[in-house]
Amino acid sequence: MQEYTHEQIKYEQNTGMLMHIAENDGAFTNKHWHNGFEIIYVTDGEMTVGVRDSEYRLGSGGFAVINCKTIHSAYNKGHCRNLLLQIPYETIRKNIPDIDSIMIRCIFTGRNNINGKYVLIKDILEKLEKLYTSEHDCGYLLKLNSLVYELLYLLVMNFRAGTDPELKKKTDRNVQRLGVVLQYVRQHYSENISLSHAASLVALNKEYFSRFFKKYMGQTFMDYVFSVRLECAYYDILNTDYTIGEIASKCGFENNYRLFVNKFRQMYGCNPAEKRVQIHEKDL
């Protein structure tokens, strides 16, 4: 069976990492996972981050560290600006040799007074955000690497938690297996996708696959399919001149426009036409 890593990251060639500022007025990123660390730092607004089967509502100043091969999602219905830092597994493994037997548990919602070891993490994230938004001089890479390595040091010294190696190995293996299905949905979301075919991709019967998928993703397979279609529809509403009907058809709702509108409203709090008006008004 071919293996996929869902949402492969294209790391920057000069840094070996990925760091950027995201700013939007409503967005949804479906459940996915990476081989490396992902660190989200909200600098303005609010964002809800889902980690496995828990959700954390991050306010301004809040941050979350997502471990390797941990299923997660993110969404915000209003304005949000955040710094996103992604560090590849190879870098982490080289500097934290026992990373496969530990977990980093570091989430601060920004909704209560910050103290102690969390202050140190926030201080570095603030410095990274300032560094990224300032002019990059000849010492940029040196400063970036010094901050990232200090961040990793503080995380492993202050936020490490042990985990059952065999259980973690089994979970990682099943998450990797799920990657086959997640990748397939990403590539074929506009087509008619059946539960039976998805189950066959990982050599399971559909009843067992349904339970398997729900256990690790926290939602049914078809709910995940709908969420991928809606995420793609949102992108088209934001970035293209297709009509709402054309977007519905293009994103897999060709025969059920009403379902498309209802699902979109559930996810984004308004219908597709209203979201397009909101986006255009903001650009004026």
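Just so it is clear, the structure is predicted and the values come from calculations on it, not from any experiment.

Participant: Tell me about the environment of Ala 248, and name the residues and values.
Facilitator: Secondary-structure assignment places Ala 248 in helix H8 (residues 244-250). On the basis of relative accessible area, Ala 248 is assigned to the buried category, the value being 1%. Along the chain, Ala 248 and Val 261 lie 13 residues apart, while their C-alpha atoms are 8.6 Å from each other. With near-sequence residues (within four places) excluded, Ala 248 lies in contact with Phe 253, Glu 254, Tyr 257 and Phe 260.

Participant: Can you break down the packing of aromatic side chains residue by residue, with the values?
Facilitator: All chains considered together, the criterion is met by 16 aromatic pairs. Between Phe 63 and Phe 108 the ring centres are 5.6 Å apart and the planes differ by 40°, which places this aromatic pair in the tilted class. In this pair, Phe 63 sits in strand E6 (residues 63-66) while Phe 108 sits in strand E10 (residues 107-108), placing the two residues 45 residues apart along the sequence. Neither Phe 63 nor Phe 108 differs from the other in exposure class; each is buried. On the basis of an interplanar angle of 40° and a centroid distance of 6.4 Å, the ring pair of Phe 63 and Tyr 118 is categorised as tilted. Here Tyr 118 lies in helix H2 (residues 117-133) and Phe 63 lies in strand E6, a separation of 55 residues in the sequence. The class of Phe 63 is buried, set by a relative accessible area of 0%. Residue classification places Tyr 118 among the partly exposed positions, given a relative accessible area of 23%. By the ring-pair criterion, three or more aromatic residues cluster together here, those being Phe 226, Tyr 234, Phe 253, Tyr 257, Phe 260, Phe 264 and Tyr 268. One Lys or Arg, Arg 177, reaches over the ring of Phe 212 and ends 5.9 Å from the middle of that ring. Across from the ring centre of Phe 253, 5.9 Å away, lies the NZ or CZ of Arg 229, which sits over that ring.

Cut-offs applied
Residues numbered from 1 in each chain as written. Predicted model: local features only at pLDDT ≥ 70, side-chain atom pairs only at ≥ 80, totals over all residues. Heavy atoms only, no water. Helix = DSSP H or I, 4+ residues; strand = E, 2+ residues; numbered from the N terminus. Buried < 20%, exposed > 50% of the residue type's maximum accessible area, 1.4 Å probe, protein only. Contact = heavy atoms within 4.5 Å. Phe/Tyr/Trp six-rings, centres within 6.5 Å; stacked < 30°, edge-to-face > 60°. Lys NZ or Arg CZ within 6 Å of the ring centre and 35° of its normal.

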